[in-house]
Amino acid sequence: MTPGLENACFVGRRPQLARIERARAAALSRGRQVVCEVVGEPGIGKTRFVREAMERCPPAVAWAVGTCAPDERGVPFHVFRHALTERRPLRPGLPVGGCAGETWLESTATVPPGPSSDARRFRTFQLARRLIGLAARDGLALVLDDLHWADASSAGLIAHLLRYPVPAPLLLVLVYRPRQMATPMPFGPPDPPEQTDAEPTAHDRIELSPLSLAEVAPLHPHIDQAELRVRYEVTGGNPGYLAALPGGPASGRADPSREAQGAWLADTVVAVLRREWANLPSVELACLRAAAIVDPPFAADLLAAVAQVPTSHAVEAGWRLARLDLIRRVPGTGRFAFRHPVLRMAVAQDTDPAWRAEASARALTALVELGAPPTDQARYAERLLALPNGRWVERCVDVLCQAAQEIRRETPDLAIRWLRLALRVLRPTAGSTRRRDVALALAQITGEAGNLAESRALLQEIVPLLPADPAERRGQAVALWARVERLLGNYPEAAAISRRELAALPAGATPGVGYRLAAEIGVAGILAGRPVAGLPTRPPKTLTARPPTGPACWPYAAWPPRTTAHSTMPGACSTPVPGSSTRCRTGTCATTPTASPRSA
């Protein structure tokens, strides 16, 4: 496991530990070299697993650990120097014999700085092999960790040791990330698996898989099962990334204010992960930071727009980042995604906040130009509105309103969230037509979703501010208000609201709003058990046209028209109902029209 992402205790991996133990026993019994590769995803627990295996070795067996670093790839044989120098004893109480450390440094110092011949390189490798054999003469477990960052000389020496094994009881443990190597099996394939009761092979390969939910539960006893299950799904059972999440063991004392704003990683976690991109060239680094801003999976053209680089450069940078296993290609597409959500969080947190804000604005602009669906644009609008900058308010409000209207039928909760955000960022200034439009749209959707109390509160606020206009938005809002009051059971209030607005309709107004208001009066009376007497059998004088959906008496029908009981009340309207031989009786006729009127 990556140092800094480790858990306090070790869980699971019992079969893999047994394989390491069998390999160590085979090396001691045979007196020859045994190689064991430990591979897996970043954060899966390779370092922690190997350390646990070494700590279980008998006290008489010495072991040494060498670790590669990305900024020391130019130092020849660095991982061996790190493991076998005198300043790093093989184990407390077991010092290196003689001057093995100085001899190793002197021998490797003879390697010429330039390209050397094959013969000279072979002699150097053979000398290093003899030195390792001297250190392992009484038994040695040599662990070489993070070999995906190894220098060329160290990688060549390992390949030499695999071809020419050390004639000593040496357990050589190679730990690396296969996706970050030039090939998945840089040291060749392992030996064919033997039978269960047979002796271990001379070259074994252990692949560490994610832990199960039951295995990670003891690592996080302070987290309840429901939250732990969510974290497990986010991290895919990767113990290192699970510990890195806020509230995990590796998060340390994360700032609670940061955690309230979102999933923020501890600074120590970001510092550990930063080693993977700290030395990237400027174009690749800009594309990586842009990838942390956009939503996965992302294409190279969007990266180019956000990172402000040519598209051809973004394509090349994307493939180079994929070779480094920072991002991965989504199978079957030409798009990419981060190898893990925690890595994306770390890159975004390591990016300057001002650059993140400008990059989010560029991403929204690019999506608009590319014709992306409004729902895809809305996520970037949310991020921009969460920043303390009002430059993007109008554009983001437009995006959120358009997206809310598009998904109001399928996911009304999300549409309501977006409209609430748009309403919150619009200041309640005098004559703010935009704010009234957003509030009216929110009142409609909340009413449709069943949140009648919020819908009524919004309508009570905006209706008095709406003037009479040719589009008759005020009349429509009042009709909606009356309908909400009726659905809440406030029948007298619904009728009173409709009567006031119906009486105030200007001359020459279109008939649609008037019929809706008149229908609300009739329906409220019927539902209250007091049918309204004296409703006109023709449109009000202010209305000069018949509604487009049927005879004039239809808006006064009981609600809903399809379930209204028939009646033979006297004073029936003589208007014939289309598709029927009967006649309407002031909204209580016995036959349902073939074309339902416009619902209130």
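Here, the structure is the one placed above.
Residues numbered from 1 in each chain as written. Predicted model: local features only at pLDDT ≥ 70, side-chain atom pairs only at ≥ 80, totals over all residues. Heavy atoms only, no water.

A look at the pairing of strand S4 (residues 170-176)
Most of S4 is tucked away, with seven of its seven residues classed as buried. Alternating positions in S4 separate into two faces, Leu170, Leu172, Leu174 and Tyr176 on one and Leu171, Val173 and Val175 on the other, with burial throughout. In this structure, strand S1 (residues 34-39) lies alongside S4, joined through six bridges in parallel fashion. Residue Cys36 lies in a different strand from S4, and its bridge partner there is Val173. Sheet analysis places strand S3 (residues 140-145) next to S4, joined by five bridges and oriented parallel. (Buried < 20%, exposed > 50% of the residue type's maximum accessible area, 1.4 Å probe, protein only. Helix = DSSP H or I, 4+ residues; strand = E, 2+ residues; numbered from the N terminus. Pairing = 2+ DSSP bridges.)

Brief notes about the packing of aromatic side chains
Per the stated rule, a full pass over the model turns up four aromatic pairs. Consider the rings of Tyr176 and Phe187, whose centres lie 5.6 Å apart with planes at 75°: the pair is edge-to-face. On the criterion of sequence distance, the pair formed by Tyr176 in strand S4 and Phe187 in the loop between S4 and strand S5 (203-207) is long-range, its members being 11 residues apart. Like Tyr176, the residue Phe187 is buried in the burial classification. Taken together, a centroid distance of 5.1 Å and an interplanar angle of 80° make the contact between Trp319 and Phe336 edge-to-face. Note that Trp319 is positioned in helix H14 (residues 311-323) and Phe336 in strand S7 (residues 336-338), a separation of 17 residues in sequence. Seen from the ring of Trp355, Arg362 lies directly overhead, with NZ or CZ sitting 5.5 Å from the centre. Its end group placed over the ring of Tyr380, Arg383 keeps NZ or CZ at 4.7 Å from the ring centre. (Phe/Tyr/Trp six-rings, centres within 6.5 Å; stacked < 30°, edge-to-face > 60°. Lys NZ or Arg CZ within 6 Å of the ring centre and 35° of its normal.)

Quick notes on the side chain of Arg339
Locating Arg339 in the fold gives a position in the loop between S7 and helix H15 (341-349). Side chain to side chain, Arg339 and Tyr241 meet in a polar contact 3.0 Å long. For Arg339, the side chain forms a polar contact with the side chain of Glu276, separated by 2.7 Å. Each residue touching Arg339, except ones within four places of it in the same chain, is listed here: Pro42, Arg177, Gln180, Tyr241, Glu276, Asp325, Leu326, Ile327 and Arg328. (Polar contact = N/O pair within 3.5 Å; in protein donor to acceptor, adjacent residues only side chain to side chain. Contact = heavy atoms within 4.5 Å.)

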